[in-house]
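# Topology and contacts: notes
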Amino acid sequence: MNMTQVSSPSTIIAESIGTLRSAFIGIGLLGLPINLLMLTGPLFMLQIYDRVLASGSVPTLIVLGGLAAGLYIFYGLLEGIRSRVLLRVGQRLDAQLSGTSYQCSVSLPVLMGEKSKTIDPVRDLEAVRQFLSGPGPSAIFDVPWMPIYLGIVYLFHPILGLVATGGAILICVLIGLNEMTSRKPAAEASQHAVKRTTMVEQGRRNAEAIKAMGMMDTLKGRWGEMNQTFLEKQRSAMDRSGMFNTMIRSLRFMLQSAILATGAWLAIGQEITPGVMIAASIMTSRALAPVEQAVGHWRGFVAARQGLKRLREIVARVPIDIERVELPLPSNWLRAEGLVSGPVGKPIIQGVNFTLKAGDGLGIIGPSGAGKSSLARAIVGVYPIMRGSIRFDGADLFQWTPENQGAFIGYLPQDIQLFSGTVAQNIARFREDASAEEIISAAELADAKDLITSLPDGFDTEIGPDGFALSGGQTQRIALARALYGKPFVLLLDEPNSNLDSEGETALTGAIRNMREQGSIVIVIAHRPSALAAVDQVLFMKDGQAQAFGPKEEVLKQVLGPVPVKAA
């Protein structure tokens, strides 16, 4: 037995950000020589006006020019290094959290239902990565140098320092007001952008129904209303942000001119030299340059901040895996005791009890909305257990890692989806260690080998949006082979014959019998009686509760007599 430690997603985020701390410290320290080298411009101008022009010395000009060129080249190298480091910091964070964000994106529809359609952790992580990889962080690291530049302006002359500081304070106030007034409109615009994307995706998935039932004009109208709302929210957010950006830019130009005018007045009074006037103007501009850059990248910063906040909130919903002892795979029995389960905050299954032993076959029947599929999702661990338990050989399902759960569970959901890839990869659940014998054995159990070999490239046929288009029946047969892969101890089939013809139903019945004979527990959710041919027990459900459970003939006689049920 192995000890397995799996960090929770929230811990992974904290650890990933923690590993970047040293990188950010290095980037901050790199800002010291970069900002010192940025003094090259104003000091060069100071020397040109006060030394070269006054003396008329060409050799002095050449020496100063060569020195300035060398310093600028060194500055360019350091700035390039900082940009490359930031790019790699963003990519490293993405690499560390991409698996977690993908896990959350895939898990959210189960945990949150319809609410998950407006949430995309992968896109949130992308916003964080794009900001970290861009010039925005450099501007933030340079902002603390603003007081130093302003202090140098004070050394030139206190009045120049006061003018520059006053303008800088006004600009900072405008930045704060921009943040306060733009945060809510920006968040609303982002939410409506997600809704637009979701509506487009839904339309693409249901294109056939839209065309066949004449829904296009109606949906175009809905799209127009949704798009108009989005444009209004986006216009509001961008108008406010644009107004403050314009005010900040105008104030910066005014401040630079004010420094020149004040410097000229002081130069006329012979309190400073013309070189100091020019140097003070350049120094003030340099002091405010990071602020201006930060404003220019403000949208990216806000998107990254909101994305990281959402990412933290989302991963907190993902169940936490703890250190555990890996148990042997179950092989004897399955039991549900007082089971209450459903999506988060919405119990659907209410107090279901049953016990199945190796080799048993159970058919679950009942009217639509009775909770049959919800019970299936609870058994395989998709829905959380709110009360009661489901035990395999006495142990809770979550005492095994998700990978080992897949070793003894085969599941054919009601809504079947295959992944882009080869037929063989789909059957093998994309396991890299899958052997050809195991894949072919699963296809033979599903009686799908001949079907698969008739495809253009057999088991190597590419399927998906860019590959071969399968029919509904072909998809269901291949998905059945995927469920049978590895000969799992528990095989759960949700309406497995919904797209099958008579030949396919015969193959399904044979597969169920074969699995039972090999000691597997087979659970079939059925609306068509033919799917129950190979089971020996039946569970009748209604309103999330088990109304009858026992031998097939007895239960069917009980529920089909006084209570006719179309599903059975």
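Each chain has its residues counted from 1, running along the sequence as written. Reporting of local features is limited, given that this is a predicted model, to residues whose pLDDT is at least 70; pairs of side-chain atoms are given and counted only at 80 or more, and all residues count toward the totals for whole chains, interfaces and linings. Hydrogens are left out, water is left out, and the side-chain values use all remaining heavy atoms of the structure.

As a further point, take helix 10 (residues 216-268). Helix and strand assignments come from DSSP, with helices taken as H or I runs of at least 4 residues and strands as E runs of at least 2, each series counted from the N terminus. Any helix carries an expected span of 1.5 Å times its number of residues minus one. Spanning 53 residues, helix 10 covers 75 Å between terminal C-alpha atoms, matching the ideal 78 Å at 1.5 Å per step. Positive phi shows up at Gln-270, right after helix 10, with a value of about 60°.

Before going further, it helps to spend a moment on the sheet that holds strand 3 (residues 333-341). We call two strands paired when DSSP finds no fewer than two bridges between them. The sheet built from 4 strands is open, its strands ordered 4-3-6-7 with antiparallel pairing. Since the sheet does not close on itself, it has two edges, and those belong to strand 4 (349-357) and strand 7 (395-396), each with one partner. Against the sheet, helix 13 (residues 372-379) touches strand 3, strand 4 and strand 6 (385-392), its axis set at about 60° to strand 4. Here, residues are in contact when the closest pair of their heavy atoms is within 4.5 Å. Axis geometry follows a simple rule: fit a line to the C-alpha atoms, using only the stretch in contact for helices, then measure angles between N-to-C directions, giving values from 0 to 180 degrees.

So, about unusual backbone geometry. The residue Phe-430 is not glycine, and still its phi comes out positive at about 65°. For each residue, the accessible area found with a 1.4 Å probe, counting protein chains only, is set against the maximum for its type, and the residue is called buried under 20%, exposed over 50%, and partly exposed in between. For Phe-430, a relative accessible area of 35% translates into the label partly exposed.

Let us now look at the layout of surface pockets. Approximately 1300 Å³ is the volume found for the second largest pocket. Grid spacing is 1 Å over the protein atoms alone, the probe is 1.4 Å, and a cavity is where that probe fits but cannot get out, while a pocket is an open set with protein on both sides within 12 Å along at least five of seven lines and lining residues have an atom within 4 Å of a point. Forming the boundary of the second largest pocket are 47 residues, of which Ala-186, Ser-190, Ala-303, Gln-306 and Arg-310 lie nearest the centre. When residues of the lining of the second largest pocket are traced back to their parent elements, those giving at least two are helix 5 (121-133), helix 8 (158-205), helix 10 and helix 12 (298-315). For the lining of the second largest pocket, the per-class residue count stands at 18 nonpolar, 15 polar and 14 charged. Grid points are joined across faces, edges and corners, and a volume is the space filled by probe spheres set on the points. Throughout, the ten residues Ala, Val, Leu, Ile, Met, Phe, Trp, Tyr, Cys and Pro are labelled nonpolar, Asp, Glu, Lys and Arg are labelled charged, and all others, Gly among them, are labelled polar.

Attention shifts here to the pairing of strand 14 (residues 545-551). For a regular strand, the rule is simple: side chains alternate between the two faces of the sheet. Inspection of the sheet shows strand 13 (residues 537-542) paired to strand 14 by 6 bridges, in the antiparallel sense. Bridged to Leu-539 within strand 14 is Phe-549.

Attention now goes to the nonpolar core. If you look at soluble globular proteins, the nonpolar side chains tend to sit buried side by side. Formed by 45 residues in total, the largest nonpolar core has its most connected members in Ile-427, Ile-452, Leu-484, Leu-493 and Val-524. Looking at this core, the element that brings in the most residues is helix 18 (residues 472-484), giving 6 residues. Here Val-524 is in contact with Leu-362, Gly-363, Ile-364, Leu-493, Pro-496, Ile-512, Ala-531 and Val-535, once residues within four sequence places are set aside. For the purposes of this section, nonpolar cores are sets of buried Ala, Val, Leu, Ile, Met, Phe, Trp, Tyr and Cys residues that join through side-chain atoms within 4.5 Å. Membership of the second largest hydrophobic core comes to 35 residues, among which are Trp-145, Met-146, Phe-156 and Val-295.

Once that is clear, we can look at a negative patch on the surface. To count toward a patch, a residue needs a relative accessible area above 30% and no salt bridge. Like charges then connect within 9 Å, nonpolar side chains (Val, Leu, Ile, Met, Phe, Trp, Tyr) within 5 Å. Using the Shrake-Rupley algorithm and a 1.4 Å probe, accessible areas are obtained, with residue cover drawn only from the displayed protein chains. Any carboxyl oxygen of Asp or Glu that lies within 4 Å of a side-chain nitrogen of Lys or Arg is treated as forming a salt bridge with it. Just so you know, the count uses Lys and Arg for positive and Asp and Glu for negative, and it drops His and the chain ends. Charged groups are reduced to one reference atom each: NZ for lysine, CZ for arginine, CG for aspartic acid, CD for glutamic acid. Among the surface-exposed residues, Asp-447, Asp-450, Asp-501 and Glu-503 lie close enough to one another that they form a single negatively charged patch. Mapping Asp-447 onto the fold places it in the loop between helix 16 (436-445) and helix 17 (449-453).

With that out of the way, let us pick up the packing of aromatic side chains. The rule is short: rings of Phe, Tyr and Trp, with Trp giving its six-membered ring, pair when the centres are within 6.5 Å, and they are stacked under 30 degrees, edge-to-face over 60, tilted in between. Within the structure shown, the criterion is met by 6 aromatic pairs. Seen from their ring centres, Phe-354 and Phe-549 are 6.2 Å apart, and the 45° between their planes marks the pair as tilted. Separated by 195 residues along the polypeptide, Phe-354 in strand 4 and Phe-549 in strand 14 bring together distant segments of the chain. Looking at Phe-549, the relative accessible area reads 34%, which means it is partly exposed. Through successive ring pairs, a cluster of aromatic residues spans Phe-392, Trp-400 and Phe-408. Only lysine NZ and arginine CZ atoms are considered, and such an atom sits over a ring when it is within 6 Å of the ring centre and within 35 degrees of the ring normal. The ring centre of Trp-333 lies 4.2 Å from the NZ or CZ of Arg-335, which sits over that ring.

This part covers the sheet that holds strand 12 (residues 521-525). Sheets are built from strands that pair by backbone hydrogen bonding, the pairs being arranged parallel or antiparallel. Judged by pairing direction, the sheet is mixed, and its 6 strands sit side by side in the order 8-11-12-5-13-14 without closing on themselves. Since the sheet does not close on itself, it has two edges, and those belong to strand 8 (409-412) and strand 14, each with one partner. Strand-to-strand twist across the sheet, computed as the mean angle between neighbouring axes with direction ignored, equals 15°. Pairing analysis gives 4 bridges linking strand 5 (residues 361-365) to strand 13, with the strands arranged parallel. Each bridged residue has a counterpart across the sheet, and for Gly-363 the counterpart in strand 13 is Val-538. The strands that helix 18 touches are strand 8 and strand 11 (490-494); relative to strand 8, the one it contacts most, it runs at about 165°. Taken strand by strand, helix 19 (residues 502-517) contacts strand 5, strand 11 and strand 12, and its axis lies near 150° from that of strand 12.

Interpretation in functional terms is not warranted from these geometric data alone.
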